[in-house]
Number of protein chains: 2
Amino acid sequence: MLITSTKNETVKRLRRLKERAARRETGLHLIEGERLVFDAVNSEIRPETIIIEDGRDDLKERIAELGLSYTLVSRQVLEAICDTPSPQGICASVYTPDTTPPDSYLSGMIVALDALQDPGNLGTILRTADAMGAVGLLLGEGCTDVYSPKAMRAAMGSTYHLPIYRGELRKELLRLREQGYKLVCGHLKGEERIPEVGPCCVIVIGNEGNGVSDDISELCELCRLPMYGRAESLNASVAASILIYELAKRMRVGV
Amino acid sequence: MLITSTKNETVKRLRRLKERAARRETGLHLIEGERLVFDAVNSEIRPETIIIEDGRDDLKERIAELGLSYTLVSRQVLEAICDTPSPQGICASVYTPDTTPPDSYLSGMIVALDALQDPGNLGTILRTADAMGAVGLLLGEGCTDVYSPKAMRAAMGSTYHLPIYRGELRKELLRLREQGYKLVCGHLKGEERIPEVGPCCVIVIGNEGNGVSDDISELCELCRLPMYGRAESLNASVAASILIYELAKRMRVGV
């Protein structure tokens, strides 16, 4: 069967996944493009509905080879479902992984975000966290949705590469500290020196405008990057990425 | 006089500055918002036409205090001229500074870009270069325009903080090498080690998709950032920013 109407019930349901409320309600999110869809199904992310553009026999074959079924749609319908203006022939709704924080966190570096607002920044920071070998991303209250189309595009596939947790940030940081993690945060009042860290640390990144909130920063060792020129600050995802990079380097040296 | 028509000749002329060709032809570019306009006139950037929204007496007063004249426009006209959807009451066309490369470059770190495509990346890298105390930005052939509205927004005011040069990249790098600058570039074939540098160095950042071209990279010492996780690469402006930060640190240590 080929769906050619944007009023089809499946199409309407998938289109709604652009909204955070619908993603929360259904426990699903949408992924777009060949690379992300195949990355996801190969990362044990469970697909719910796979949508392929009519005429893309190559994609139909690859999906069938994996033992999965798909729904064929017209170009116009694919464009209505997807967030990207020129979608690449395939998209899928997938089950959002469980984001409940674990009883005991993995050893290594955890990147925690405090009310990060911009989906592009969130995706870029997740990508850096992945590249630098972080073992988890912890999202506190008030963060933008990591499963939004824009955040996923900026993450460039890193969304499924490391565990993502959502929880009460202060509570989780207290638990992490008890489990032996050193808590560090980037802060304008911090020292211009990256702290030494052992095999377990958390780096907390704050909101783009207001930084890390006081009830979080009081738990952490504060540090800030040196600034030599006239710019008053760095781009939020750049500053976060340099901190993650620096801590990752220190952890490797320590090993 | 108050301009209320978007068909007014001045308005038409300023609106065209969104296009690169018009910026090149006129030697002007447009800056938007209170902060950028006052930053610019205080950085000895010469304004051509200053536009203020009718009713913003605070802005009229501040501009008049500087001994400058302005043109009043309606809200609708201001929105037509500006690139931002909700402009902040003021914009100005200003004379683009001379970007001819100098006979002799200033001592310090120069950030050079080889065919960088994305205005957001260019602005972000310029902001990092400024924060890290670079003494110049050198734009090679094929770079996106540093004076476009999007690049200027991402630069967050750094556009006028350091000299910007446009030229033939290979020719300029050969001159810089002769003048004693160490040439470094980020490259996938490079060593996973940031080189030591003296008081004068150039860091070359390549195109988002293809990296640094061969006729440029053959002049440089190649290096790349360590990657520990599953991400295949970093965001282009993040990778560039980490390299700039690392070299800036080494230069300070050397002093």
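The preceding data block contains the structure.
This section reports on the structure supplied with the text.

What counts as what
Residues numbered from 1 in each chain as written. Chains lettered and ligands numbered in written order. Predicted model: local features only at pLDDT ≥ 70, side-chain atom pairs only at ≥ 80, totals over all residues. Heavy atoms only, no water. Contact = heavy atoms within 4.5 Å. Buried area = accessible area lost by both parts, 1.4 Å probe. Salt bridge = Lys/Arg side-chain N within 4 Å of Asp/Glu carboxyl O. Core = buried A, V, L, I, M, F, W, Y, C linked by side-chain atoms within 4.5 Å. Buried < 20%, exposed > 50% of the residue type's maximum accessible area, 1.4 Å probe, protein only. Helix = DSSP H or I, 4+ residues; strand = E, 2+ residues; numbered from the N terminus. Pairing = 2+ DSSP bridges. 1 Å grid on protein atoms, 1.4 Å probe; cavity = no way out; pocket = protein on both sides within 12 Å on 5 of 7 lines; lining within 4 Å. Points joined across faces, edges and corners; volume = space filled by probe spheres on them.

## Looking at the interface of chain B and chain A
The partner chain A presents 33 residues to the 33 residues of chain B that form the contact. Regarding the contact of chain B and chain A, the summed buried area is about 2800 Å², with carbon and sulfur atoms giving 59% of it. Looking only at chain B, the three residues that lose the most surface to chain A are B:Tyr228, B:Arg230 and B:Tyr245, adding up to 23% of its buried area. Taken together, the connections running from chain B to chain A amount to two salt bridges.

## Re the nonpolar core
In summary, soluble globular proteins display a tendency toward joint burial of nonpolar side chains. With 110 residues, the main nonpolar core has A:Met109, A:Val111, A:Leu113, B:Met109, B:Val111 and B:Leu113 as its most contacted residues. Leaving out residues up to four positions away in the same chain, B:Leu113 has contacts with B:Leu122, B:Ile125, B:Leu137, B:Leu138, B:Leu139, B:Gly140, B:Cys143, B:Leu169 and B:Ile205.

## Some points on the pairing of strand β2 (residues 28-32) of chain B
All names here are of chain B. Within β2, five of the five residues are buried, which leaves it mostly tucked inside the rest of the structure. On β2, burial covers both faces: Leu-28, Leu-30 and Glu-32 on one face and His-29 and Ile-31 on the other are all buried. Sheet analysis places β2 next to strand β5 (residues 90-95), joined by five bridges and oriented antiparallel. Residue pairing in the sheet places Glu-32 in a bridge with Cys-91 of β5.

## Observations concerning unusual backbone geometry
Not every positive phi belongs to a glycine, and A:Glu44 is a case in point at roughly 60°. Secondary-structure assignment places A:Glu44 in the loop between α3 (34-42) and β3 (47-53).

## Considerations on the layout of surface pockets
Its boundaries defined by the atoms lining it, the largest pocket holds a volume of some 1500 Å³. Lining the largest pocket are 47 residues, and of these A:Asn121, A:Leu234, A:Asn235, A:Ala236 and A:Ser237 lie nearest its centre. Breaking the lining of the largest pocket down by element, the ones donating at least two residues are α6 (119-131), α7 (149-155), β9 (182-191), β10 (201-205) and α10 (236-254) of chain A together with α6 (119-131), α7 (149-155) and α10 (236-254) of chain B. With six residues, α10(A) is the single largest residue contributor to the lining of the largest pocket.

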